[in-house]
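Structural overview
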Amino acid sequence: MNTTTTALCLSLAMLAAPATAREVTITAAMKPYAGDGAYLALYLTDAQGAYQGTLWVAGPKTKYWKHLSDWYRATGGAPAGIDAITGASVGAGRTLTVSVDLAEALLDAGYQIRLDSAVEEVADRPAEVVAPLTTAGKGQPVAGKGFVRSLQYDF
């Protein structure tokens, strides 16, 4: 199992006066598939599906980030402010675990954790996983549509 863990504080413009934060641990388990390591983008959207911020990007080569198409489009093709929230790609059968501090105001307020994935010369999977960020959803695996077996979060 390959596990990457990092802690960061997500700074969202909408939370100018952030309330208390809660550590949210997000785990993406990959399916066994043929191909190179997957590029993944974990990001947050609001209740209307509007991009709010990037949580993590797995895959170091920026030239491939355009294949994480929903996330890339949402960032305007120039994802800024993601220094220190990137890491290695994630191989078949592996697991990526990321811990982030999110404002409690985001919980049960319609926000969603989204994951885009791409594997070189295989396929791109925009919105492979969309998981509502709710108290009821914590600890509940959400199945992926492509390379990701499941995404789960806990807090």
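The structure displayed is predicted, hence computed values, not measured ones.

**What about the side chain of E128?**
- For E128, the position within the fold is in strand β7 (residues 123–132).
- The buried charged residue E128 lacks any salt bridge, with R125 as its nearest oppositely charged partner at 5.2 Å.

**Some remarks on the pattern of salt bridges**
- Counted according to the given criterion, the structure contains two salt bridges.
- Across the pair E104 and R22 runs a salt bridge whose closest N-O atoms are separated by 3.2 Å. Of this pair, E104 sits in the loop between β5 (95–103) and β6 (112–119) while R22 sits in strand β1 (residues 21–30), placing them 82 residues apart in sequence.
- A residue is classified by how much of its surface remains accessible, and E104, at 30% relative accessible area, is partly exposed.
- The closest approach of N and O atoms between D70 and R73, which form a salt bridge, is 2.6 Å. With a gap of three residues between them, D70 and R73 both fall in helix α1 (residues 69–74), about one helical turn apart.
- Take D70: its relative accessible area is 22%, and that puts it in the partly exposed class.

**With respect to the nonpolar core**
- Core analysis: the largest hydrophobic core is formed by 41 residues, its most contacted members being I26, L40, L42, I113 and L133.
- Going through the elements one at a time, β1, β2 (39–45), β3 (51–58), β5, β6, β7 and β9 (148–154) are the ones with two or more residues in this core.
- Those residues within four positions of I26 in sequence are excluded, and the remaining contacts are L42, L55, L96, T97, V98, V100, I113, L151, Q152 and Y153.

**Some points on the confidence of the model for the protein chain**
- Summarising the model, the protein chain shows a mean pLDDT of 89, and 88% of its residues fall at 70 or more.
- Note that pLDDT drops below 50 for residues 1–17; the model gives that stretch 42 contacts with residues more than four away or on any other chain.

**With respect to the sheet that holds β3**
- The mixed open sheet is built from five strands, whose spatial order is β4-β3-β2-β6-β7. The sheet is open, and its two edges are formed by β4 (86–87) and β7, each paired on a single side.
- Strand direction decides the pairing type here: β6 and β7, joined by seven bridges, are antiparallel. In the strand pairing of β7, Q112 is matched with P132.

**Some details on the packing of aromatic side chains**
- Considering all chains together, one arrives at five aromatic pairs under this definition.
- Between Y153 and F155, the aromatic rings sit 6.1 Å apart at their centres with planes inclined by 10 degrees, giving stacked as the arrangement.
- Of note, R125 hangs over the ring of F147, and the distance from its end group to the ring centre comes to 5.6 Å.

**As for the pairing of β6**
- Burial of β6 is extensive: eight of the eight residues sit out of reach of the surface.
- The pairing of β2 with β6 spans seven bridges and is antiparallel. Its bridge partner lying in β6, A41 is registered against D116.
- Counted along the chain from β6 to the antiparallel partner β7, the turn is three residues long, and its residue E121 has a positive phi close to 60 degrees.

**With respect to the pairing of β1**
- Of the strand pairs in this sheet, β1 and β5 are connected by nine bridges, and their pairing is antiparallel. Bridge pairing links I26 to V98 in β5.
- Direction of pairing for β1 relative to β9: antiparallel, over a ladder of six bridges. Bridge assignment links I26 to a residue of β9, and that residue is Y153.

Scoring rules and cut-offs
- Residues numbered from 1 in each chain as written.
- Predicted model: local features only at pLDDT ≥ 70, side-chain atom pairs only at ≥ 80, totals over all residues.
- Heavy atoms only, no water.
- Helix = DSSP H or I, 4+ residues; strand = E, 2+ residues; numbered from the N terminus.
- Buried < 20%, exposed > 50% of the residue type's maximum accessible area, 1.4 Å probe, protein only.
- Lys, Arg positive; Asp, Glu negative; His and termini not counted.
- Salt bridge = Lys/Arg side-chain N within 4 Å of Asp/Glu carboxyl O.
- Core = buried A, V, L, I, M, F, W, Y, C linked by side-chain atoms within 4.5 Å.
- Contact = heavy atoms within 4.5 Å.
- pLDDT = per-residue confidence, 0-100.
- Pairing = 2+ DSSP bridges.
- Phe/Tyr/Trp six-rings, centres within 6.5 Å; stacked < 30°, edge-to-face > 60°.
- Lys NZ or Arg CZ within 6 Å of the ring centre and 35° of its normal.

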